[in-house]
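# Secondary and tertiary structure notes
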Amino acid sequence: MKAYLNRRYHFSASHRLQTDAYDAAKNRALFGKCNNPHGHGHNYTVQITVSGQVDPATGMVCNLADLDAFAQENLLSRFDHTNLNTLDAFANRVSTTENLSIEVYRIFQSFPAAHLERVHIEETSNNSFDYAGLVQPAPGTI
Amino acid sequence: MIFLTRKAEFSSAHYYWNDAWSPEKNQQVFGKCANRNGHGHNYTLEVTVAGEIDPVTGFVVDLKELKDILESEGRQRLRPPSPQPRSPRVQGRHPHHRKHRHRHLAPPRQQIPNAKLHRVRVYEMPDLFADYYGEP
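Predicted, not measured: the structure shown is a model, and the values here were computed from it.

## A short note on the packing of aromatic side chains
How two aromatic rings sit relative to each other is set out by the distance from centre to centre and by the angle between their planes. Scanning the entire structure with this criterion turns up 11 aromatic pairs over all chains. On the numbers, 5.3 Å between centres and 65° between planes, the contact of Phe70 of chain A with Phe111 of chain A is edge-to-face. Here Phe70 of chain A, found in helix H2 (residues 64-79), pairs with Phe111 of chain A, found in the loop between helix H3 (97-108) and strand S4 (115-122); they are 41 residues apart in sequence, far enough to count as distant. Considered together, Phe70 of chain A and Phe111 of chain A belong to a single accessibility category, that of buried residues. Each ring, one from Tyr123 of chain B and one from Phe129 of chain B, has its centre 4.7 Å from the other, and the planes form 40°; the classification is tilted. Judged by its relative accessible area of 41%, Phe129 of chain B falls in the partly exposed class. Following the ring pairs from residue to residue traces out a cluster consisting of Tyr9, Phe70, Phe108 and Phe111 of chain A. Cation over ring: Lys26 of chain A sits above Tyr22 of chain A, and NZ or CZ is 4.2 Å from the ring centre.

See the structure below:
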């Protein structure tokens, strides 16, 4: 019996939207106040969805403690209270939440105990992003 | 493909009524939602668009553009009507037309550059919402 497990994590980070491909004026025009030189921050919420067969002995898709430990080591300890622009993942990519979604998906693809279905990231209470990899998500799942 | 969701809120009144039915049947089917003086909700509109990331900007779409579309196409079209019709455009509209407005919330697809409309979700209240993905 396959089931889906959703877990939400929270971290706070700063960033600045800026691309070296454009000059200062064009960056300002494109990114607006998100291009302010000293950056700004968000309280990000990351929702991870993993799936798998429910283990008949434990009743679990995977042990939540394992998922939490993985998230702590690979997501929270690396991203919480940092400036995203300083991380390797954004050395050559703008630190938009679109690109953050792909990076978080890449990270959780390595979680060994369940299959990653998708990531959902809330940048603010009004904006959110979903990424399910290169496959088209099943109808109604996003 | 990235799915991007933007949220907007508006408040509006409506009531449920089918002119083809008797008042008794309307009351029976729709209950207190058929009260003729209407009632209101704080609606939350979510529009989800899907597209690929622009390699230079890191955007699927400019969120401000999407916000502006929601403002102009969603919220402003659904703002509360004035008590008296002010222009020929609104004269002759019966208020109960508003009960069908959920279907018209989707921004025109051609207005969203580099992305396509994926889903519209309307919360009537936090515990009740409807999704529409368009017709295949």
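Now that the structure has been shown, we can carry on.
## What to know about the sheet that holds strand S1 (residues 2-14) of chain B
In spatial order, the strands read S3(A)-S1(A)-S2(A)-S4(A)-S5(A)-S1(B)-S2(B)-S3(B)-S4(B); together these nine strands make up an open sheet with mixed pairing. The open sheet is flanked by strand S3 (82-83) of chain A together with strand S4 (128-132) of chain B, the only strands paired with a single partner. Judged from the 13 bridges that link them, S1 of chain B and strand S2 (residues 39-51) of chain B form a sheet pairing that is antiparallel. For Ala13 of chain B, the partnering residue across the bridge sits in S2 of chain B and is Gly40 of chain B. Packed onto the sheet, H2 of chain A meets strand S1 (2-15), strand S2 (40-53) and S3 of chain A and runs at close to 20° relative to S1 of chain A.

## A closer look at the interface of chain A and chain B
Across the contact, 25 residues belong to chain A and 19 residues belong to chain B. Both faces combined, the contact of chain A with chain B buries some 1,800 Å², and carbon together with sulfur accounts for 55% of it. Considering only the side of chain A, the residues that lose the most area to chain B are Glu98, Asn126 and Ile142 of chain A, jointly responsible for 31% of the buried surface there. At the boundary of chain A with chain B, the tally comes to zero salt bridges. Across the chain A-chain B interface, the total number found is nine residue pairs in polar contact (both at pLDDT 80 or more). Broken down by secondary-structure element, the contributors of at least two residues to the side of chain A that touches chain B are helix H1 (24-31), H3 and strand S5 (127-131) of chain A. It is S5 of chain A that provides the largest number of residues to the side of chain A that touches chain B, a total of five residues. Here the side of chain A that touches chain B is built from residues that sort into 11 nonpolar, 11 polar and three charged. Both S5 of chain A and S1 of chain B contribute to a ladder of five bridges, which runs antiparallel. Looking across to S1 of chain B, one finds that Asp130 of chain A is bridged to Phe3 of chain B.

The rules behind the values
- Residues numbered from 1 in each chain as written.
- Chains lettered and ligands numbered in written order.
- Predicted model: local features only at pLDDT ≥ 70, side-chain atom pairs only at ≥ 80, totals over all residues.
- Heavy atoms only, no water.
- Phe/Tyr/Trp six-rings, centres within 6.5 Å; stacked < 30°, edge-to-face > 60°.
- Helix = DSSP H or I, 4+ residues; strand = E, 2+ residues; numbered from the N terminus.
- Buried < 20%, exposed > 50% of the residue type's maximum accessible area, 1.4 Å probe, protein only.
- Lys NZ or Arg CZ within 6 Å of the ring centre and 35° of its normal.
- Pairing = 2+ DSSP bridges.
- Contact = heavy atoms within 4.5 Å.
- Axes fitted to C-alpha atoms, helices over the stretch in contact; angles between N-to-C directions.
- Buried area = accessible area lost by both parts, 1.4 Å probe.
- Salt bridge = Lys/Arg side-chain N within 4 Å of Asp/Glu carboxyl O.
- Polar contact = N/O pair within 3.5 Å; in protein donor to acceptor, adjacent residues only side chain to side chain.
- Nonpolar A, V, L, I, M, F, W, Y, C, P; charged D, E, K, R; others polar.

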